[in-house]
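Fold and contact review
These are the residues of each chain, in order.
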Amino acid sequence: MTMINRTIAGKELLWFNNTLVAIQVSSADGEDGICAIEHRLPYGDSPPLHMHRNEDEVFHILEGQMRFQINGHERVVGAGETVIAPKGLPHTYRVESPQGAHALTVTRGSDFETMVRLASRPAERPDLPQPGAPTPEMMATLTRLCAENGIDIVGPPMEG
């Protein structure tokens, strides 16, 4: 089994829950508000089922395999494939490859980027953080930050 290199480089490295993210293009960098965030994700990682009120979310898988659920439909995708979660549709994913995954998320607007920045902490090193289950306080904070930034949590993460 090949292990995915878990480090990334970028202008700004953050630990967002159990993932490492690099904001490669900020929504403030260009005229159209395009944001590109690179993610290193551990095996089993899955955000709560959620939907964006104001922006589509595009996922481009660079390495690994991920299972997406978008509006009740599931799809497994791997390296080189791209998935769109249109605004207003509930979606989530789960990292299925044991070596983790590497993906790029692209949005237009600042909602997702702002939420990620507010819910993250600076990465102490360019690698995944120590894994841990979210506490009820962490989930309450994430739910609040999402709601304040046009994202509604509507269900639990995907099961294995």
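Quantities reported herein were computed from a predicted structural model and do not represent experimental measurements.

**Regarding the overall build of the chain**
Scanning the chain for helices and strands turns up two helices and 12 strands. Taken from N to C terminus, the helices and strands of the chain fall in the order β-β-β-β-β-β-β-β-β-β-α-β-α-β. Since a compact globule built from 160 residues should have a radius of gyration of about 15 Å, the 14 Å found for the chain is in line with a globular shape. If you line up the chain on its principal axes, its C-alpha atoms span 40 × 35 × 35 Å. Considering the chain as a whole, with its 160 residues, one finds that 45% of them fall into the buried category. Pairs at least 24 apart in sequence give 73% of the contacts found in the chain among residues at least 6 apart. Charge-centre separation for the chain: the mean point of 13 positive side chains lies 2 Å from the mean point of 21 negative side chains.

Scoring rules and cut-offs
Residues numbered from 1 in each chain as written. Predicted model: local features only at pLDDT ≥ 70, side-chain atom pairs only at ≥ 80, totals over all residues. Heavy atoms only, no water. Helix = DSSP H or I, 4+ residues; strand = E, 2+ residues; numbered from the N terminus. Rg over C-alpha atoms; globule rule 2.2 N^0.38 Å. Buried < 20%, exposed > 50% of the residue type's maximum accessible area, 1.4 Å probe, protein only. Contact = heavy atoms within 4.5 Å. Lys, Arg positive; Asp, Glu negative; His and termini not counted. Charge placed at Lys NZ, Arg CZ, Asp CG, Glu CD.

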